[in-house]
Amino acid sequence: MGEFPPDAAAALKAAEALCGPLTLEEISDRRGSAVWKAGGPHGAAGIKLGTGEAAEVTAREASVLDRLPGYAVTVGRFDGGVWYVTPWLVGPSTWDVFRSVRKDAGGRDEALEAAVGLCRAVVDLHEAGWVHGDLQPQHGIHTERGVRLLDFAWSRQVGSTPWRRFDGTMIHLTAPELAARIVDGPQPVDTTQTADVYALAGTLWTCVTGKWPLDYETAGIEADAPVEEKRRAIARRAVPMSTAMPWPALQARLRYVLLAAPDDRPSAAELKVLVEAVDT
């Protein structure tokens, strides 16, 4: 954690236009990408700063936000890279909503509603012609106006490829066919809506159990093994699924999606219907 860079003062002015006089809280800072929460009497905003290799990624994400309906963004450059400012999304993440379920303390009705809402948000994105590319348990925010998605750094419009190289995002939620393409090439690798559905099902599985859906220990892969080793195993479908089933009615549907071949995998809309049919 550090001080807000003075050469990115224009980002503070953009946030102040949304929020009024600011207070700042640094949320994260890793691999050249820093996120700050700016708060004021008129609301809150997120400020993202990208430096080094992350500058291109930050600019790309800002471009996505600018084109998606329901999102607003202001973007600019500073000596060290790229910044953007966007209204802060208020509400719990999908991971947060499932907390009581993971503790076996009830909350299944609320969790199931949240799962359906997350599926609906992905359906809407796909129907608008987009691929998210990095769905994770913290990337759906449940606001008063429905679920909004976060982290569009690896998002693309179907038919476009806005990067020169794609090496994957959250390895534990990478679809086997996408892992195989990353391993075998050629680059650039296109993210797909089908791979999004795999990540969506894996995200919900993780929210239920608190653990990733793949059982690396049974596959003989150490927890701290390099990402490349895990990716090669995932590409070969050599990592079995976890057998932990605290919510069988929901997890059986998610397991079906995670084990299906890409051509047989349901769409996000079909997964939404499967989840809606779960009896709590």
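The rules behind these values
- The numbering scheme is per chain: residues are counted from 1 as the chain's sequence reads.
- It should be noted that, the model being predicted, local features are given only for residues of pLDDT at least 70 and side-chain atom pairs only at 80 or more, the latter also being counted only at that level, while totals for whole chains, interfaces and linings use all residues.
- Derived side-chain values reflect all non-hydrogen atoms in the structure, with water molecules and hydrogen atoms excluded from consideration.
- Nonpolar cores were defined as sets of buried Ala, Val, Leu, Ile, Met, Phe, Trp, Tyr and Cys residues, with membership established by side-chain atoms within 4.5 Å.
- In this scheme, a residue with accessible area under 20% of its type's maximum is buried, one over 50% is exposed, and one in between is partly exposed, where area comes from a 1.4 Å probe on protein chains only.
- Here a strand is any run of E in DSSP of at least two residues, a helix any run of H or I of at least four, and the numbering for each starts at the N terminus.
- Every residue pair with non-hydrogen atoms within 4.5 Å of one another is taken to be in contact.
- Think of a 1 Å grid over the protein atoms and nothing else: a 1.4 Å probe that fits but is trapped marks a cavity, an open set flanked by protein within 12 Å on at least five of seven lines marks a pocket, and residues with an atom within 4 Å of a point count as lining.
- Grid points are joined across faces, edges and corners, and a volume is the space filled by probe spheres set on the points.
- Any residue that is not Ala, Val, Leu, Ile, Met, Phe, Trp, Tyr, Cys, Pro, Asp, Glu, Lys or Arg is counted as polar, Gly included; the first ten are nonpolar and the last four charged.
- Between rings of Phe, Tyr and Trp, where Trp is taken as its six-membered ring, a pair exists when centres lie within 6.5 Å; planes separated by under 30 degrees are stacked, by over 60 edge-to-face, and by other angles tilted.
- As used here, the arc belongs to the directions running from the helix axis to the C-beta atoms.
- Lines are fitted to the C-alpha atoms to define the axes, a helix being fitted only along its stretch in contact, and any angle between axes, read from their N-to-C directions, falls within 0 to 180 degrees.
- Comment on the angle field: the value is read as roughly parallel under 35 degrees, roughly antiparallel over 145, roughly perpendicular from 65 to 115, and oblique elsewhere.
- Handedness of each helix crossing follows the sense of rotation of the near helix against the far helix: counterclockwise by less than a right angle gives left-handed, clockwise gives right-handed.

Colleague: Got a minute to help me understand the nonpolar core in this structure?
Modeller: Buried together is how nonpolar side chains tend to be arranged in soluble globular proteins. The biggest cluster of nonpolar side chains holds 63 residues, and the ones touching the most others in it are F98, W247, L271 and V275. Those elements that place two or more of their residues in this core are α2 (54–67), α5 (108–127), β8 (146–149), α6 (176–184), α7 (193–209), α8 (227–235), α9 (248–259) and α10 (268–276). Apart from the residues lying within four places of it in its own chain, the contact partners of F98 are A111, A114, A115, L204, C207, V208, W247 and L250. By size, the runner-up hydrophobic cluster in this structure holds 15 residues, among which are A15, A45, L49 and W83.

Colleague: What exactly am I supposed to notice about the layout of surface pockets here?
Modeller: Taking a probe equal in size to a water molecule and rolling it over the atoms shows the remaining empty space. Size it by volume and the second largest pocket reaches roughly 280 Å³. If you go around the second largest pocket, you meet 15 residues; those closest to its centre are Y71, A121, D124, V147 and R148. When residues of the lining of the second largest pocket are traced back to their parent elements, those giving at least two are α5 and β8. Residue contributions to the lining of the second largest pocket peak at five residues, all from α5. Taken together, the residues of the lining of the second largest pocket sort by class into nine nonpolar, two polar and four charged.

Colleague: Explain the packing of aromatic side chains to me, please; I cannot follow it from the model alone.
Modeller: Any aromatic ring pair is given by two values, namely how distant the centres are and how the planes are angled relative to each other. Using the criterion set out here, one finds five aromatic pairs in the structure. A ring pair is formed by F4 and W36, whose centres lie 5.3 Å apart and whose planes are at 70°; its orientation type is edge-to-face. Residue F4 is located in the segment before α1 (9–19), and its partner W36 is located in strand β2 (residues 33–40); the two are separated by 32 residues in the primary sequence. Classification of W36 by relative accessible area gives buried; the value is 7%. Ring geometry for W154 versus F166: centroids 5.0 Å apart, planes at 80°, classification edge-to-face. Linking W154 in the loop between β8 and β9 (156–157) with F166 in the loop between β9 and α6, this pair joins segments that are 12 residues apart in sequence. A relative accessible area of 1% places F166 in the buried class. By the ring-pair criterion, three or more aromatic residues cluster together here, those being W154, W163 and F166.

Colleague: In this structure, what is going on with α6? I would like to understand it.
Modeller: Residues lying three or four places apart along an α-helix face the same way, a consequence of the helix completing one turn every 3.6 residues. Here α6 has its buried residues at P176, L178, A179 and I182. Taken around the axis of α6, the buried residues stretch over an arc of 160°, which confines them to a single face. Next to the buried residues of α6 lie α7 and α8. Directly beyond the C-terminal end of α6, a positive phi value near 75° is found at G185.

Colleague: Looking at this structure, how should I read the packing of α7 against α10?
Modeller: Two numbers describe a pair of packed helices, the interaxial angle and the distance between the axes. As a packed pair, α7 and α10 sit with axes 10 Å apart at the nearest point and diverge in direction by 25°. With respect to each other, α7 and α10 are oriented roughly parallel. Remark: the crossing between α7 and α10 carries right-handed chirality. Every residue of α10 that contacts α7 at V197, L200, A201 and L204 is listed here: A268, L271 and V275. Considered class by class, the residues forming the contact of α7 with α10 number seven nonpolar, no polar and no charged.

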